[in-house]
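# An overview of the molecular structure
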Amino acid sequence: MSRDIALYVHLPFCRRKCRYCSFVSYSGREKDITIYVEALIKELRQRSRGESVHSIFLGGGTPSLLPVASIKDLLSAVNALFTVDKAAEITMEVNPGTVDAAYLEAVRNAGISRVSLGVQSFNDHELKMLGRIHSAAEAKQAVSFARKAGFTNLNLDLIYGLPGQAKADWQYSLEQAVEINPEHLSLYGLTLEHDTPLQLLINEGSVPKIDSDLSADLYELAEERLEKHGYIHYEISNWAKAGRECRHNLVYWKNLPYLGAGVAAHSCLDGHRLANTNDLDKYISDFSGDALWQPEMDEEISRELEIAETVILGLRLGEGIKPETIKARFGINIMERYRQQIIEMSGAGLLQQADGHISLTPGGRLLSNEVFWR
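Residues numbered from 1 in each chain as written. Predicted model: local features only at pLDDT ≥ 70, side-chain atom pairs only at ≥ 80, totals over all residues. Heavy atoms only, no water.

### Some points on the overall build of the chain
The number of helices and strands found in the chain is 16 helices and 16 strands. Taking 374 residues into account, the globule formula puts the C-alpha radius of gyration at 21 Å, and the chain, at 21 Å, falls close to it. The C-alpha extent of the chain, read off along each of the three principal axes, is 60 × 50 × 40 Å. Buried residues in the chain amount to 52% of all 374 residues. Restricting the contact set of the chain to residue pairs at least 6 apart, pairs at least 24 apart contribute 70%. Put simply, the chain has 39 plus and 50 minus side-chain charges, and the middle of one group is 3 Å from the middle of the other. (Helix = DSSP H or I, 4+ residues; strand = E, 2+ residues; numbered from the N terminus. Rg over C-alpha atoms; globule rule 2.2 N^0.38 Å. Buried < 20%, exposed > 50% of the residue type's maximum accessible area, 1.4 Å probe, protein only. Contact = heavy atoms within 4.5 Å. Lys, Arg positive; Asp, Glu negative; His and termini not counted. Charge placed at Lys NZ, Arg CZ, Asp CG, Glu CD.)

Put into structure tokens, the structure is as follows:
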């Protein structure tokens, strides 16, 4: 019997690198898309064992820069190499300003069932600061294109806690998002690596520092507003209408197996954490001949680490973790193993217990890293 996995495919091309982005992506390399997809298919051929796939996620970069023919080739290969569930959730990240209705209809016909739009803000001055290539009007237009193309499962990404962000601006973005009525919303507090252009601007004083206290206030505002509009806060950074939780990302949060293909992609399989090279040219070169796939990083995950990661990732979920489920999977009683930490965190108002689950309180979500460290 084949095992169930989720499949992630990294498509690292973008039109222009955003000022806050630390993901592995390459601008000005669109001419390499065709050969890159060929390399991807070679990797998948080598690594496939006929697994059952229930979710596929095309991330980037900007996957919507790929021609429809490349999307079709990629999905055809996946269907030939894996046993793809007929009801599989197949998500594609899309950047506003890179698509029209005809393109989205074509990728939907190719098999994409869910679109994740990188909106980030509905305020043009914020989009400009972030280095996005689209305007707020183009973001709304992209939503219209997606609906016209027949997509009934739509996610919007938004970022809060921007340098100098006014509470009113964040409230406006939330109101615009709610008015659009997507099935899913992902809201991320801005964090910056030290070498990103936006962090360098902060360092030189051209842009205000990120205000962590304000970020917490904006997060709480989102919790309040989205609950009123029927969104379930099912994970620290994610809200969904009932039944529209992202099935792919739930695999990560439940610490289940997944295969990542493409440059910089990570996998978690058979007790190992694997990573591909971050170098696009090396990746393409490695698959230009008959060389066998080799991970650049291969870390064995000990049983102790797997237990700890399963608990930490599970606590990100609104429902939290169920000690019975942990015991069935690992044969341990976490109420005993983490007894002191649970007592301390519950006493501090960061953890709660109800209906056989241990979960973060609203305050615990704001201080989640402290809880995870404990």
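So much for the structure itself; the text now carries on.
### So, helix 3 (residues 101-110)
For helix 3, the set of buried residues is Ala101, Tyr103, Leu104 and Val107. Axial view of helix 3: buried residues confined to an arc of 160 degrees, hence all on one face. Exposed residues on helix 3 whose side chains face more than 90 degrees from its buried face are Ala102 and Asn109. In this fold, the buried residues of helix 3 make contact with helix 2 (68-81), strand 5 (83-94) and helix 5 (136-148). At the N-terminal end of helix 3, a side-chain oxygen is found 3.3 Å from the backbone nitrogen of Ala102, two or three residues along, and the residue is Asp100. One or two residues past the end of helix 3 sits Gly111, with phi positive at roughly 130 degrees. (Arc of directions from axis to C-beta. Polar contact = N/O pair within 3.5 Å; in protein donor to acceptor, adjacent residues only side chain to side chain.)

### Comments concerning the pairing of strand 7 (residues 154-160)
With seven of its seven residues buried, strand 7 lies for the most part within the structure. Covered by surrounding structure in strand 7 are Leu154, Leu156, Leu158 and Tyr160 together with Asn155, Asp157 and Ile159, the residues of both alternating faces. The pairing of strand 6 (residues 114-120) with strand 7 spans four bridges and is parallel. Residue pairing for strand 7: Ser116 is matched across the bridge by Asn155. Inspection of the sheet shows strand 7 paired to strand 8 (residues 184-189) by six bridges, in the parallel sense. Residue pairing in the sheet places Leu158 in a bridge with Leu187 of strand 8. (Pairing = 2+ DSSP bridges.)

### Here's the deal with the pattern of salt bridges
Applying the stated rule across the entire model yields 18 salt bridges. Of the charged contacts in the structure, one is a salt bridge between Arg29 and Asp281, with a shortest N-O distance of 2.7 Å. Placement of Arg29 in the loop between strand 3 (26-27) and helix 1 (33-47) and of Asp281 in helix 10 (residues 280-286) is noted, with a sequence separation of 252 residues between them. Owing to a relative accessible area of 47%, Asp281 belongs among the partly exposed residues under this scheme. For Glu304, the salt bridge goes to Arg337, with nearest N and O atoms at 2.6 Å. Of this pair, Glu304 sits in helix 11 (residues 303-315) while Arg337 sits in helix 13 (residues 334-337); the two residues are 33 residues apart in sequence, bridging distant segments of the chain. Overall, the relative accessible area of 33% leaves Arg337 in the partly exposed class. (Salt bridge = Lys/Arg side-chain N within 4 Å of Asp/Glu carboxyl O.)

### Quick word on the nonpolar core
One finds Leu104 and Leu187 to be the most contacted residues of the largest nonpolar core, which totals 91 residues. In this view, Leu104 contacts Val94, Val99, Ala142, Phe145, Ala146, Ala149 and Phe151; residues no more than four positions away in its chain are not counted. Residues Met129, Leu130, Ile202 and Val207 belong to the second largest nonpolar core, which totals twelve residues. (Core = buried A, V, L, I, M, F, W, Y, C linked by side-chain atoms within 4.5 Å.)

### Regarding unusual backbone geometry
The residue after Gly60, namely Gly61, is reached through a cis peptide bond having omega 15 degrees. Tracing the chain through its elements places Gly61 in the loop between strand 4 (52-60) and helix 2. You will see that Asp355, though not glycine, has its phi angle at about 50 degrees, which is positive.

### Quick look at a negative patch on the surface
Negative charge collects at one region of the surface, where Asp211, Asp213, Asp217 and Glu220 lie side by side. Topologically, Asp211 is positioned in the loop between helix 7 (197-203) and helix 8 (212-228). (Patch = residues over 30% accessible without salt bridge, like charges linked within 9 Å, V, L, I, M, F, W, Y side chains within 5 Å. Areas by Shrake-Rupley, 256 points an atom, 1.4 Å probe, with all protein chains shown as cover.)

### Brief notes about the environment of Glu304
Look at Glu304 and you get partly exposed, because its relative accessible area is 44%. Sequence-wise, Glu304 and Gly289 are 15 residues apart; in three dimensions their C-alpha atoms are separated by 40 Å.

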